[in-house]
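# Results of the structural survey
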Amino acid sequence: GPLERRVREIVQNWERADISSARLEASLMTGINMGGLAYAHTHLNTQVYIALFTLLTVSFDDQLASAGAEFTARFHAGLPQLHPFLQLFAEMLRTAGEHFLPFAARAIVNNALTSMDQNVFDRESKGMPLHTAAQQYVEWKRMRNGMAETFAFFVWDRYSFSNIFAYVQAIP
């Protein structure tokens, strides 16, 4: 359909560096399915944004770990990222306001950056013994891992919801 066509047109022009075609295709289909099925009620432009955002986030794994360690600092400093997919992700975050109201766009960016930082911390602290008095760390960590908040805010695109009243009714 139109979503898949638009997403494929955009992705074919991306600099992939070390991302294999097979890995890209799997991530692409995940993104298209997420954008087109879970967010079918949103404007097509928003579905494209969500599909690309999803494609990029599911592409992040150990292969991008070293470059991802500097993602947040480089994002805040406005510096180029160390991998083409991380650069594309930074650009996606900067354009969230084109698809979502300012409150939602900020929440999307903040949650994505928190998740990226937590993933780095998880790698750096892997195998760390956890003191029995620090059991709340596990719950704190779960709140920071993943991008559940981001994907929740994707529900309300600016084309369909022109004010923040819908958010107040459903978040948290």
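## Things to note about the overall build of the protein
- Helix and strand content of the protein: 10 helices and zero strands.
- Sequence-ordered secondary structure for the protein, helices as α and strands as β, is α-α-α-α-α-α-α-α-α-α.
- Projected onto the principal axes, the alpha-carbon positions of the protein cover approximately 50 × 45 × 30 Å.
- Counting the 172 residues in the protein, one finds 41% classified as buried.
- For the protein, the proportion of contacts with a sequence separation of at least 24, taken over those separated by at least 6, is 69%.
- Counting every atom, the protein has about 9300 Å² of accessible surface; 57% of that belongs to carbon and sulfur.
- Distance between charge centroids for the protein: 2 Å, based on 14 positive and 16 negative side chains.

## Some details on the pattern of salt bridges
- This model, assessed by the stated rule, comprises three salt bridges.
- For Glu4, the salt bridge goes to Arg8, with nearest N and O atoms at 2.9 Å. Highlighted residues: Glu4 and Arg8, both in helix α1 (residues 2-11), separated by four residues, approximately one helical turn.
- On the accessibility criterion, Glu4 (27% relative accessible area) is partly exposed.
- Assessed through its relative accessible area of 31%, Arg8 is described here as partly exposed.

## A closer look at a nonpolar patch on the surface
- A surface patch of nonpolar side chains, about 310 Å² in accessible area, is lined by Phe103, Ile164 and Phe165.
- Among the secondary structure elements, Phe165 is positioned in helix α10 (residues 165-170).
- The exposure class of Phe165 is exposed, given its relative accessible area of 59%.

## Looking at the nonpolar core
- Ranked by size, the top nonpolar core spans 44 residues in total, and within it Phe53, Phe85 and Phe89 carry the most contacts.
- Of all the elements in the fold, those that place two or more residues in this core are α1, α2 (21-38), α3 (44-59), α5 (71-77), α6 (84-94), α7 (102-124) and α9 (148-153).

## Topic: the environment of Leu56
- Along the chain, the position of Leu56 falls in helix α3.
- Judged by its relative accessible area of 0%, Leu56 falls in the buried class.
- A sequence separation of 32 residues divides Leu56 from Leu24, and the C-alpha atoms of the two residues are 9.1 Å apart.
- The residues touching Leu56, leaving out its near neighbours within four places in the chain, are Trp14, Phe85, Leu88, Phe89 and Met92.

## A closer look at the confidence of the model for the protein
- Overall, the prediction assigns the protein a mean pLDDT of 88, with 96% of residues at 70 or greater.
- Mean pLDDT across the elements of the protein bottoms out in α10 (71) and peaks in α1 (96).

## Let's talk about the packing of aromatic side chains
- Within this structure, the stated rule accounts for 14 aromatic pairs.
- Judged by centre distance (6.0 Å) and plane angle (20°), the rings of Phe71 and Phe75 are stacked. Of the two residues, Phe71 and Phe75 both sit in helix α5, four residues apart, roughly one turn of that helix. This pair shows no difference in class: Phe71 is buried, exactly as Phe75 is.
- In this structure an aromatic cluster arises from ring pairing among Tyr39, Tyr49, Phe53, Phe71, Phe75, Phe89, Phe100, Phe151 and Phe154.

## Considering α2
- Look at α2: 25 Å from first C-alpha to last across 18 residues, which is about the 26 Å you get at 1.5 Å a residue.
- Listed as buried for α2 are Arg23, Leu24, Ser27, Leu28, Gly31, Ile32 and Gly35. Buried residues of α2 fall within an arc of 160° about the axis and therefore sit on the same side. Facing away from the buried side of α2, by more than 90 degrees, are the exposed residues Ala22 and Leu37.
- If you follow the buried residues of α2, they end up packed against α1, α3 and α6.

Parameters at a glance
In this convention, every chain numbers its residues from 1, walking through the sequence in written order. Whole-chain, interface and lining totals are the exception, using all residues; otherwise, since this is a predicted model, local features are given only for residues with pLDDT of at least 70 and side-chain atom pairs are given and counted only at 80 or more. The basis for the side-chain values is all heavy atoms of the structure; hydrogens and waters are excluded. Helix and strand labels come from DSSP, where a helix needs a run of H or I of at least four residues and a strand needs a run of E of at least two; each type is numbered from the N terminus. Buried, partly exposed and exposed residues are distinguished by accessible area as a fraction of the type maximum, computed with a 1.4 Å probe on protein chains only: under 20%, between the cut-offs, and over 50%, respectively. The contact rule is simple, with two residues in contact once any of their heavy atoms fall within 4.5 Å. Where accessible areas are quoted, they stem from the Shrake-Rupley method and a 1.4 Å probe; at the residue level, only the protein chains shown are allowed to cover. For the purpose of counting charges, residues Lys and Arg are taken to be positive, whereas Asp and Glu are taken to be negative. His and the chain ends are not included. The atom standing in for a charge is NZ when the residue is Lys, CZ when it is Arg, CG when it is Asp and CD when it is Glu. By definition here, a salt bridge exists when the distance from a side-chain nitrogen of Lys or Arg to a carboxyl oxygen of Asp or Glu is within 4 Å. Residues qualify for a patch when their relative accessible area is over 30% and they have no salt bridge, like charges being joined within 9 Å and the nonpolar side chains of Val, Leu, Ile, Met, Phe, Trp and Tyr within 5 Å. The criterion is simple. A nonpolar core is a set of buried Ala, Val, Leu, Ile, Met, Phe, Trp, Tyr and Cys residues joined through side-chain atoms within 4.5 Å. pLDDT is defined as a per-residue confidence score from the predictor, taking values between 0 and 100. Each pair of aromatic rings taken from Phe, Tyr and Trp, with Trp reduced to its six-membered ring, is defined by centres within 6.5 Å and is described as stacked if the planes are under 30 degrees apart, edge-to-face if over 60, and tilted in the remaining cases. Helix span, expected: 1.5 Å multiplied by one less than the number of residues in the helix. Think of the arc as the fan of directions from the helix axis to the C-beta atoms.

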